[in-house]
Amino acid sequence: MSSSVSAAEEGNARRFWIKSRKESILALYTPFVVCLASGSLRLDAFQHYVAQDAYFLKAFAQAYELAEECADDDDAKVAIGDLRKSVLEELKMHNSFVQEWGSDLAEENALNSATVKYTDFLLATASGKVEGVKGPGKLATPFERTKIAAYTLGAMTPCMRLYAFIGKEIQALLDTNDSGHLYNKWIENYSSESFQASALQNEDLLDKLSVSLTGEELGIIEKLYHQAMRLEIEFFLAQPLTQQTVVPLLKEHNPEEHRLMIFSDFDLTCTVVDSSAILAEIAIVTAPKSEQNVLENQIARMPSADLRNSWAVLSRQYTEEYEQCIESILLTEKAESFYYDGLSKALEELSEFEKRANTRVIESEVLKGLNIEDIKRAGERLILQDGCTGFFQSIINNENLNANVHVLSYCWCGDLIRSALSSDLSTKAKVRPLGQGDSSLVILTHVAVRKELHTFYGKQAWKHESKTFPKDTSTKEKVRRNLAVFRGSKPGGLHALNVHANEFTYEGSLSTGEIIKKVESPIDKVRAFSELQQSSNDRKNMTIYIGDSVGDLLCLLKADVGIVVGSSSSLRRVGSHFGVSFVPLFPSLVQKQKECVDGSSSNWRGLSGILYTVSSWAEIHAFILGS
């Protein structure tokens, strides 16, 4: 979720919401919300939801009342009172549903556990019963009572913002003249300007009440905010549905009969920066400053200044020729409908270009003399897209899923990919959302890595692993074993991923500059994709491909579900030229839900000419795995 507001100017409420991006997407992609958005949600399910929500709203109003009593500021009291009135108005809307259907929903529907869990949490917070926090007591100071009001708003604000978000997302899918949606009244309420204003008023009030709190107290509010988001997801998931739904995708997956095959590109699909930039920086940083005498058994390398110039020339040449190649493809006759064979033929030109570019890199010797340990360390600290590793981890950790994950990449060095994806997740550097990349790279020196190892594992891991070390184990051996932990070679990392990429050749621990060519081009990728599919033909496969570039197009289209991340213009231009349709995933799911008939499949199939676009890995996770 992008924002023009700088981090320093953002209020706490805004910051908490941005950090809850994944939870907001998980809520949006729940079966209940997708069915409601489609208008196909069965009336009895909506009636049950309204009854549960009415009970929740009463608790919401009660929590506002308690927060108003705790607030010390007159303006805050008035604002909280206004918010309480808006909740009572929302209850009137629920009562109008009851009158319309002529039934007493409160009597017909028993409370489910998710509703009770949520309301208990809310009222406990409003009463000052916050986990890990001492209650204010009868003689609480005004500041202590105001703090409870802030905690209460921290538990209530995410609900308001989430409903405002869902309301707007669904409203955007409706035709302006379409008033026939069964739940149009509900959508109009939560997408209305008045409700959006109430959500913003909650956030402003939370910011005001928390302005004088300590970092520790703000941490408590953030925890309450996140807990409320999770409870809201549980609330939606608890709504009983008797109809067939299109989400999550795994609902249609029978592990005993089908194999789920996940394929993903690596550069800029999983990463924030291209791996070639990483390898270039390793080469430049570790190269000698000037010409040096080469010792016996040592690989000669050019000075760092010459390396930097060579990389600059190669990069400029690649960019210029790539753009020329794309323009050449677009000069061919535009297809009137989806034309896979024409696209495949056109991408042969791009494939030949990629191979020529790789040959130039090898002949330049810029990849000569890189130490395997430097490559692995860089991989361990490589910044990955937010949610990428979590998604893969969820697939791998589910032993009953009958699924495997394959990474198909042009990357010159498979070791870099394996190191990046197999590192223990707890040691990963900070991650960033899609579209927030950073072109600057920092390659860790030997000293920095030793210091980092000591920080992460030196004391804690050695203490934890002490029983596995014999008394006479040397310090050097302990470092070696903990380095293995650091690289994720023990359970908990993503070492179970199957990586299909090019490989460096080495003399000892140093690269020779040569590349074992395995996956150089779009044609190579789709050939590898097809071979992997055929190798699992003992049962029916459900294939999903995730990619971001023109080089992924053929695989994206051949997969049962092709998912495009990022916003590559060349991908869309080339795809559209050959009749490929790029459609946002969530609206597509809503449309599929409209067409869904009980007992039928959702009809996901390859070569349909349709690719689904997402803005984050959170959408991929929500669509395939659910909440």
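Please read all numbers here as calculations on a predicted model, not as lab measurements. (Residues numbered from 1 in each chain as written. Predicted model: local features only at pLDDT ≥ 70, side-chain atom pairs only at ≥ 80, totals over all residues. Heavy atoms only, no water.)

A.B. asks: I'd love a proper account of the overall build of the protein, names of residues and values included.
C.D. replies: The secondary structure content of the protein amounts to 25 helices and 10 strands. Of the contacts formed within the protein by residues at least 6 apart in sequence, a portion of 81% connects residues at least 24 apart. As presented, the protein carries roughly 28,900 Å² of accessible surface, and 50% of it is formed by carbon and sulfur atoms. (Helix = DSSP H or I, 4+ residues; strand = E, 2+ residues; numbered from the N terminus. Contact = heavy atoms within 4.5 Å. Areas by Shrake-Rupley, 256 points an atom, 1.4 Å probe, with all protein chains shown as cover.)

A.B. asks: Could you give me a rundown of the pairing of strand β6 (residues 510–516), with the residues and numbers involved?
C.D. replies: Pairing of strand β2 (residues 368–371) with β6 involves two bridges; the strand directions are antiparallel. Among the inter-strand pairings, lysine 368 is bridged to a residue of β6, identified as threonine 512. Counted between consecutive antiparallel strands, the loop separating strand β5 (residues 503–507) from β6 contains two residues, among which glycine 508 sits at a positive phi close to 70°. (Pairing = 2+ DSSP bridges.)

A.B. asks: Mind laying out the pairing of strand β10 (residues 610–614), listing which residues take part and the relevant values?
C.D. replies: Burial analysis of β10 places four of its five residues in the buried class, the great majority of the element. As paired strands, strand β8 (residues 561–565) and β10 are joined by three bridges and run parallel to one another. Across the sheet, the residue bridging to valine 565 is valine 614, located in β10. Two elements, strand β9 (residues 581–584) and β10, share four bridges in a ladder whose sense is parallel. Residue phenylalanine 582 lies in a different strand from β10, and its bridge partner there is leucine 611. (Buried < 20%, exposed > 50% of the residue type's maximum accessible area, 1.4 Å probe, protein only.)

A.B. asks: If you had to explain a nonpolar patch on the surface to someone new, which residues and values would you point to?
C.D. replies: Side chains of Tyr55, Leu111 and Val116 sit close together on the surface and give an oily, nonpolar patch of about 230 Å² of accessible area. Note on placement: tyrosine 55 falls in helix α4 (residues 43–70). (Patch = residues over 30% accessible without salt bridge, like charges linked within 9 Å, V, L, I, M, F, W, Y side chains within 5 Å. Salt bridge = Lys/Arg side-chain N within 4 Å of Asp/Glu carboxyl O.)

A.B. asks: Summarise the nonpolar core; cite the residues concerned and give the values.
C.D. replies: Formed by 149 residues in total, the largest nonpolar core has its most connected members in Ile166, Trp186, Phe236, Leu279, Phe391, Phe623 and Ile624. Looking at this core, the element that brings in the most residues is helix α8 (residues 142–171), giving 15 residues. Ignoring anything within four residues of it in the chain, the contact list for phenylalanine 236 reads Ala27, Thr30, Phe32, Val33, Tyr49, Leu162, Tyr163 and Ile166. Residues Ala346, Leu408, Ile523 and Leu557 belong to the second largest nonpolar core, which totals 34 residues. (Core = buried A, V, L, I, M, F, W, Y, C linked by side-chain atoms within 4.5 Å.)

A.B. asks: Explain the sheet that holds β6 to me, and be specific about the residues and the numbers.
C.D. replies: In any sheet, the strands associate via hydrogen bonds between backbone groups, in a parallel or an antiparallel arrangement. Strand order across the open sheet formed by three strands is β2-β6-β5, with antiparallel pairing between neighbours. What marks the edges here is a single partner per strand, and that holds for β2 and β5. When the angles between neighbouring strand axes are averaged without regard to direction, this sheet yields 55°. Of the pairings in the sheet, the one linking β5 to β6 comprises four bridges and is antiparallel in character. Within β6, the residue paired with glutamate 507 across the bridge is leucine 510. (Axes fitted to C-alpha atoms, helices over the stretch in contact; angles between N-to-C directions.)

A.B. asks: Lay out unusual backbone geometry in plain terms, naming residues and giving numbers.
C.D. replies: Of note, the amide linkage connecting valine 247 to proline 248 takes the cis form, showing an omega dihedral of -15°. Relative to the assigned elements, proline 248 resides in the loop between α11 (215–237) and β1 (258–264). Positive phi values are uncommon outside glycine, yet asparagine 402 reaches one of about 55°. With respect to the secondary-structure elements, asparagine 402 resides in the loop between α16 (388–397) and β3 (403–408). Unlike most non-glycine residues, leucine 607 shows phi in positive territory, near 60°. Position of leucine 607 among the secondary structure elements: in the loop between α24 (585–595) and β10.

A.B. asks: Account for helix α9 (residues 184–191), with residues named and values stated.
C.D. replies: Structurally, the α-helix is built with 3.6 residues per turn, so residues lying three or four positions apart point the same way. Looking only at α9, the buried set comprises Asn184, Trp186, Ile187, Tyr190 and Ser191. Buried residues of α9 fall within an arc of 160° about the axis and therefore sit on the same side. (Arc of directions from axis to C-beta.)

A.B. asks: Could you give me a rundown of the packing of helix α14 (residues 340–364) against helix α21 (residues 522–534), with the residues and numbers involved?
C.D. replies: At their nearest, the axes of α14 and α21 sit 7 Å apart, and the two run at 120° to each other. Our classification of the angle between α14 and α21 gives oblique. Here α14 contributes Tyr340, Ser344, Leu347, Glu348, Leu350, Ser351 and Lys355 to the contact with α21, which in turn contributes Pro522, Ile523, Asp524 and Val526. Here the residues of the contact of α14 with α21 sort into six nonpolar, two polar and three charged. (Parallel < 35°, antiparallel > 145°, perpendicular 65-115°, else oblique. Nonpolar A, V, L, I, M, F, W, Y, C, P; charged D, E, K, R; others polar.)

A.B. asks: So, the environment of isoleucine 546: which residues are in play, and what are the values?
C.D. replies: Within the secondary structure, isoleucine 546 is located in strand β7 (residues 540–547). Placed 283 residues apart in sequence, isoleucine 546 and phenylalanine 263 show a C-alpha to C-alpha distance of 6.2 Å. Excluding anything up to four places from it in sequence, isoleucine 546 contacts Ile262, Phe263, Ser264, Asp265, Thr269, Phe391, Leu556, Ile563, Val565, Trp617 and Ile620.

A.B. asks: A description of the sheet that holds β3 should follow, citing residues and the corresponding values.
C.D. replies: Read from one edge to the other, the open sheet built from seven strands follows the order β4-β3-β1-β7-β8-β10-β9, with strand pairing classed as parallel. The sheet is open, and its two borders are formed by β4 (498–500) and β9, each paired with just one other strand. In this sheet, adjacent strand axes meet at a mean angle of 25° when their direction is disregarded. In the packing of helix α23 (residues 569–577) onto the sheet, contacts are made with β8, β9 and β10, and the angle to β9 comes to roughly 125°.

A.B. asks: Describe the packing of aromatic side chains, with residues and values.
C.D. replies: As enumerated under the stated definition, the model contains 32 aromatic pairs in all. Pairing tyrosine 318 with phenylalanine 353 gives two aromatic rings, centres 5.0 Å apart and planes at 40°, and the pair type is tilted. Of this pair, tyrosine 318 sits in helix α13 (residues 304–330) while phenylalanine 353 sits in helix α14, and the two are 35 residues apart along the sequence. Taking 5.4 Å as the distance between ring centres and 75° as the angle between the ring planes, the aromatic pair formed by tryptophan 604 and tyrosine 612 counts as edge-to-face. As far as the burial class goes, tryptophan 604 and tyrosine 612 line up, both buried. When the ring centre of tyrosine 410 is taken as origin, the NZ or CZ atom of lysine 525, which lies over that ring, is 4.9 Å away. Across the ring face of phenylalanine 582, the terminal group of arginine 572 is positioned such that the distance to the ring centre comes to 5.6 Å. (Phe/Tyr/Trp six-rings, centres within 6.5 Å; stacked < 30°, edge-to-face > 60°. Lys NZ or Arg CZ within 6 Å of the ring centre and 35° of its normal.)

A.B. asks: Describe the packing of helix α1 (residues 12–19) against helix α2 (residues 21–28), and please don't skip the residues or the numbers.
C.D. replies: The contact between α1 and α2 brings their axes to 4 Å, and the two run at 60°. In terms of orientation, α1 and α2 fall into the oblique class. Residues Trp17, Ile18 and Lys19 of α1 lie in contact with α2, whose contacting residues are Arg21, Glu23 and Ser24. Classifying every residue of the contact of α1 with α2 by side-chain character gives two nonpolar, one polar and three charged.

From the geometry alone we can't say anything about function, so treat these as descriptive.
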